[in-house]
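Each chain is listed here by its residues.
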Amino acid sequence: MERVLCRGSYAIDPDKLIVGAGCNAVLENLLFAIADEGEGVLIPRPYYAAFEFDLKARAALTILPVALRRGSSEAAGYCPTPDALEAAYSAAVRRGITPRALLLSSPNNPLGICYTAEALRDAWAWVESKPNLHVISDEIYAGSVYREGAHGQPGWVSLATVAARLHRSLGPNAHLVWALSKDFALSGLRVGAVYTENEAIRTPMQKLNDLCQVGTPTQAIVARMLSDTLAAEPSLDPSYDEQLEGPAEPVLWCAALEESNKERLRRRYDRLTAVLDGGGIRYLPGGAGLFLWIDLRPMLQYAPGQVPVARQSWDGCVGVAESMLGAAEAEAERALYLRLITEFGLMLTPGASMRAEDPGMFRCVFSAATDDGFEVALDRFAKLGQAAKAC
């Protein structure tokens, strides 16, 4: 976590780590320790759809989607602001719901972007202005950031790095979550971790963890994987190697894998966006995680007699039910989702399932296909672009 999340900026104390069977398990247990049944978790929209099940099924918490409505063409437009957080918080309190946590996902699923350091700093400061409110930074894609400052994208910054820049600790109300599932493509091994400096939270989590421990064989595999090294490769200039004092330092296998993964993600991103650009299909420029947030709003078609509601604000909406699209918008987006499958052979995740604020936004997971499958997908996106130009 020091290397991948903090990049050396913040010292992670191993005694303050809780390791469990995946991110889902440790996140749920963390919230069991923070909140009571019926209390709220603020999550900026759009968000990972499974949060709604993960936090409600057993913990019985209330999901409080946070509307942003700041545009969809740049990453900064999707960063949470104190004003947006305050609006969602106040609306929940008026309904008798006590928010207990702000859950941030950076790098973000489904957006494929990182929150800026300023956004994280301001959100954290806002959390600390509220009584008994916690901030949880889900950083599960931290090792899959492949476009940063040189590409015009916000550089990766962990909440722990924000703390280091402020010359402070994370303290009792800020917590980090990470797992091996995404950056190492090891969802099946089920290894996740929470880092918290709050002993009053760690103690009950250690007991809750009895039901979701990481098995001994898995521990042995992971320990070997994270410590294994590759022999340093010689340079192209033998005379340079002769000038080195002693043998070159070996490279961690996991670090080499991370760099290879980033390069492969970058190549796929570049090729996919080039096809989308050629077809005039808009998307949110990204550079983190496995996703691209695609704007297909011009392709929405409404049934005769259906009039989409031009919603100007989500202010006052509380909970999932009130954060859903209107009937006409939802039906138009579902029709487009089915058209993408049947006419173009593309299965994208509809934004409505992730509480997007506008219909017609879709998540594309461009990392899952084989190389051959990706080539086929590019051809299909090219055909989609031709159809989009006719809209």
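Below you will find a few notes about this structure. Note that the structure is predicted; figures quoted are calculated from it, not measured.

## Here's the deal with the overall build of the protein
- Within the protein, the secondary structure is distributed over 11 helices and 13 strands.
- Here the C-alpha atoms of the protein give a radius of gyration of 22 Å, agreeing with the 21 Å that 2.2 N^0.38 yields for 391 residues.
- With the principal axes as the frame, the protein shows a C-alpha extent of 75 × 50 × 40 Å.
- Here the protein, with 391 residues, has 51% of them falling under the buried criterion.
- Look at the contacts in the protein between residues 6 or more apart in sequence, and 73% of them connect residues 24 or more apart.
- Taken as two groups, the 37 positive and 47 negative side-chain charges of the protein have centres that lie 6 Å from each other.

## Digging into the environment of Ala49
- Relative to the helices and strands, Ala49 is located in the loop between strand E2 (40-44) and helix H2 (51-56).
- Accessibility expressed as a relative area gives 32% for Ala49, which makes it partly exposed.
- Note: C-alpha distance between Ala49 and Phe362 (313 residues apart in sequence) is 13 Å.
- In contact with Ala49, other than residues within four places in its own chain, are Ser353 and Met354.

## Comments concerning the sheet that holds strand E5 (residues 134-138)
- Spatial strand order, E1-E7-E6-E5-E4-E2-E3: 7 strands in an open sheet with mixed pairing. Of all strands in the sheet, those bounded by a partner on one side alone are strand E1 (17-20) and strand E3 (62-66). When strand polarity is set aside, the average angle formed by the axes of neighbouring strands in this sheet is 25 degrees.
- Sitting on the sheet, helix H1 (residues 23-34) touches E1, E2, strand E4 (99-105), E5, strand E6 (174-179) and strand E7 (192-196), and the angle it makes with E6 is about 160 degrees.
- Sheet contacts for helix H3 (residues 82-94): E2, E3 and E4; angle to E3, the most-contacted strand, approximately 145 degrees.

## Describing a nonpolar patch on the surface
- Judged by side-chain polarity, Leu230, Val251 and Trp253 come together as a nonpolar surface patch covering roughly 220 Å² of accessible area.
- Relative to the elements of secondary structure, Val251 occurs in strand E9 (residues 251-252).

## What about the pattern of salt bridges?
- Summed over all chains, the structure comprises 21 salt bridges.
- Among the salt bridges present, the one from Asp210 reaches Lys207, with a minimum N-O distance of 3.0 Å.
- For Asp210, a relative accessible area of 39% gives the class partly exposed.
- With a relative accessible area of 59%, Lys207 lands in the exposed category.

## Thoughts on the environment of Arg224
- Along the polypeptide, Arg224 turns up in helix H7 (residues 216-227).
- Remark: the alpha-carbon pair of Arg224 and Pro99, spanning 125 residues in sequence, is separated by 41 Å.

## Focus: the nonpolar core
- Ranked by internal contacts, the top residues of the largest apolar core, which has 57 residues, are Ile136, Leu272, Ile294, Leu296, Phe366, Phe381 and Leu384.
- With residues near it in sequence (within four places) discarded, Ile136 still touches Leu27, Leu30, Leu31, Ile34, Ala101, Leu102, Leu103, Leu104, His175 and Val177.
- In terms of nonpolar packing, the next biggest core, distinct from the first, is built from 54 residues, Tyr10, Val157, Leu180 and Ala193 among them.

## Considerations on helix H11 (residues 371-389)
- Taking 1.5 Å of rise per residue, 19 residues should cover 27 Å, and H11 covers 27 Å from first to last C-alpha, within 8% of that figure.
- Tucked inside the fold, the buried residues of H11 contact helix H9 (253-279), strand E11 (291-295), helix H10 (327-344) and strand E13 (361-365).

## Regarding empty space enclosed by the protein
- For the structure on display, the rule yields 3 cavities of 30 Å³ or more.
- Its volume calculated, the largest cavity comes out at about 40 Å³.
- Together, Val4, Gly143, Trp178, Asp183, Phe184, Cys254, Leu257 and Glu258 line the largest cavity.
- Sort the elements by how many residues they give to the lining of the largest cavity and H9 lands first, with 3 residues.
- A breakdown of the residues in the lining of the largest cavity according to their chemical character gives 5 nonpolar, 1 polar and 2 charged.

## A short note on the packing of aromatic side chains
- Under the definition given, this model contains 6 aromatic pairs.
- Judged by centre distance (5.2 Å) and plane angle (85 degrees), the rings of Tyr48 and Phe51 are edge-to-face.
- Taking relative accessible area as the criterion, Phe51 reaches 2% and is therefore assigned buried.
- Ring centres of Tyr146 and Phe366 lie 6.4 Å apart, and the angle between their planes is 90 degrees; on these two criteria the pair is classed as edge-to-face. Highlighted residues: Tyr146 in the loop between E5 and helix H5 (159-165) and Phe366 in the loop between E13 and H11, separated in sequence by 220 residues. Judged on exposure class, the residue Tyr146 and its partner Phe366 are both buried.
- Through a chain of ring-to-ring contacts, three or more aromatic side chains come together here, namely Tyr146, Tyr269 and Phe366.
- The ring of Tyr89 carries Lys130 above its face, with NZ or CZ at 4.8 Å from the centroid.
- Here Arg268 stacks its cationic end above the ring of Phe374, 4.5 Å away from the centre of that ring.

Cut-offs used in this document
- Residues numbered from 1 in each chain as written.
- Predicted model: local features only at pLDDT ≥ 70, side-chain atom pairs only at ≥ 80, totals over all residues.
- Heavy atoms only, no water.
- Helix = DSSP H or I, 4+ residues; strand = E, 2+ residues; numbered from the N terminus.
- Rg over C-alpha atoms; globule rule 2.2 N^0.38 Å.
- Buried < 20%, exposed > 50% of the residue type's maximum accessible area, 1.4 Å probe, protein only.
- Contact = heavy atoms within 4.5 Å.
- Lys, Arg positive; Asp, Glu negative; His and termini not counted.
- Charge placed at Lys NZ, Arg CZ, Asp CG, Glu CD.
- Pairing = 2+ DSSP bridges.
- Axes fitted to C-alpha atoms, helices over the stretch in contact; angles between N-to-C directions.
- Patch = residues over 30% accessible without salt bridge, like charges linked within 9 Å, V, L, I, M, F, W, Y side chains within 5 Å.
- Areas by Shrake-Rupley, 256 points an atom, 1.4 Å probe, with all protein chains shown as cover.
- Salt bridge = Lys/Arg side-chain N within 4 Å of Asp/Glu carboxyl O.
- Core = buried A, V, L, I, M, F, W, Y, C linked by side-chain atoms within 4.5 Å.
- Expected span 1.5 Å × (residues − 1).
- 1 Å grid on protein atoms, 1.4 Å probe; cavity = no way out; pocket = protein on both sides within 12 Å on 5 of 7 lines; lining within 4 Å.
- Points joined across faces, edges and corners; volume = space filled by probe spheres on them.
- Nonpolar A, V, L, I, M, F, W, Y, C, P; charged D, E, K, R; others polar.
- Phe/Tyr/Trp six-rings, centres within 6.5 Å; stacked < 30°, edge-to-face > 60°.
- Lys NZ or Arg CZ within 6 Å of the ring centre and 35° of its normal.

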